[in-house]
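Structure at a glance
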Amino acid sequence: MTDFEPKIVAFLCNWCSYRGADLAGTSRIKCAANVRAIRVMCSGRVEPAFVLRAFELGADGVLVLGCHPGDCHYAEGNYKALRRMELLKRTLGQLGVGQDRFRLDWVSASEGDHFSHIVNEMTEKVRALGPFKSKEESKVA
């Protein structure tokens, strides 16, 4: 586990957080390379099943990043995401995934430094937790 590098899947809102990630890159802000971005039109479109599927397919951590509350291009999509993801976070603990492997946060298009901070913080947290093993994998090992 000394050389463990976590695989983190990030669902990024097209209008804000994806552009914040782009700004981080174009501004050459130091950012961990552990994140695999999936652009979605709105964080409100991220189904809890998408997050669970990411873990099922080998993600060690998952981020959902959207527009700040009140700034959603689809009026209330980020509030929908907030409600869904809070319920999902509670469920992750019951499923054996753990709440620390998941994070919902807000990043605007002008916050490349904030995007980088979230990614770096999440990478360090998941690195400290170690690789994710599902209950089925734990039974086999």
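Here's what I pulled together on the structure shown here. (Residues numbered from 1 in each chain as written. Predicted model: local features only at pLDDT ≥ 70, side-chain atom pairs only at ≥ 80, totals over all residues. Heavy atoms only, no water.)

Concerning the environment of Met 41
Note that Met 41 resides in the loop between β2 (35–40) and α2 (48–56). Along the primary structure Met 41 and Gly 20 are separated by 21 residues, whereas in three dimensions their C-alpha atoms are 14 Å apart. Once residues lying within four places of it in the same chain are set aside, the contact partners of Met 41 are Cys 13, Asn 14, Trp 15 and Tyr 74. (Helix = DSSP H or I, 4+ residues; strand = E, 2+ residues; numbered from the N terminus. Contact = heavy atoms within 4.5 Å.)

Topic: the nonpolar core
It is characteristic of soluble globular proteins that their nonpolar side chains tend to be buried jointly. Residues Phe 11, Val 51, Val 62, Val 64, Met 85 and Phe 102 are the most contacted members of the largest nonpolar core, which totals 18 residues. Taken together, the elements giving at least two residues each to this core come down to β1 (8–13), α2, β3 (61–66), α3 (77–94) and β4 (102–106). If near-sequence neighbours (up to four positions away) are discounted, Val 51 is found in contact with Phe 11, Val 46, Val 62, Val 64, Met 85, Leu 88 and Phe 102. With 14 residues, the next largest nonpolar core counts Leu 12, Leu 65, Ile 118 and Met 122 among its residues. (Core = buried A, V, L, I, M, F, W, Y, C linked by side-chain atoms within 4.5 Å. Buried < 20%, exposed > 50% of the residue type's maximum accessible area, 1.4 Å probe, protein only.)

Remarks on the pairing of β1
Of all six residues making up β1, six are buried, and the element is well covered by its neighbours. Alternating residues of β1 divide into Ile 8, Ala 10 and Leu 12 and Val 9, Phe 11 and Cys 13, and every residue in both groups is buried. Bridge analysis of β1 against β2 gives six bridges, and the strand direction is parallel. Of the residues in β2, the one forming a bridge with Ile 8 is Val 35. Where β1 lies against β3, five bridges are found, and the strand directions are parallel. Within the sheet, the bridge partner assigned to Ala 10 lies in β3 and is Leu 63. (Pairing = 2+ DSSP bridges.)

Digging into the sheet that holds β2
Spatially, β2-β1-β3-β4 is the arrangement adopted by the four strands of the open sheet, whose pairing is parallel. With partners counted over all chains shown, the strands left at the sheet margins are β2 and β4, one partner each. Within this sheet the neighbouring strands show an average axis-to-axis angle of 20°, counted without direction. In this fold α2 packs onto β1, β3 and β4, with an angle of close to 150° to the strand it touches most, β3. (Axes fitted to C-alpha atoms, helices over the stretch in contact; angles between N-to-C directions.)

Some thoughts on the environment of Ala 54
Tracing the backbone through its elements, the reader meets Ala 54 in helix α2. In this structure Ala 54 comes out as buried when scored by relative accessible area, which is 10%. Sequence separation between Ala 54 and Ala 10 is 44 residues, and the spatial gap between their C-alpha atoms is 9.6 Å. Excluding its chain neighbours within four sequence positions, the residues that come into contact with Ala 54 are Val 9, Ala 59 and Val 62.

Just distances and angles here, no functional claims.
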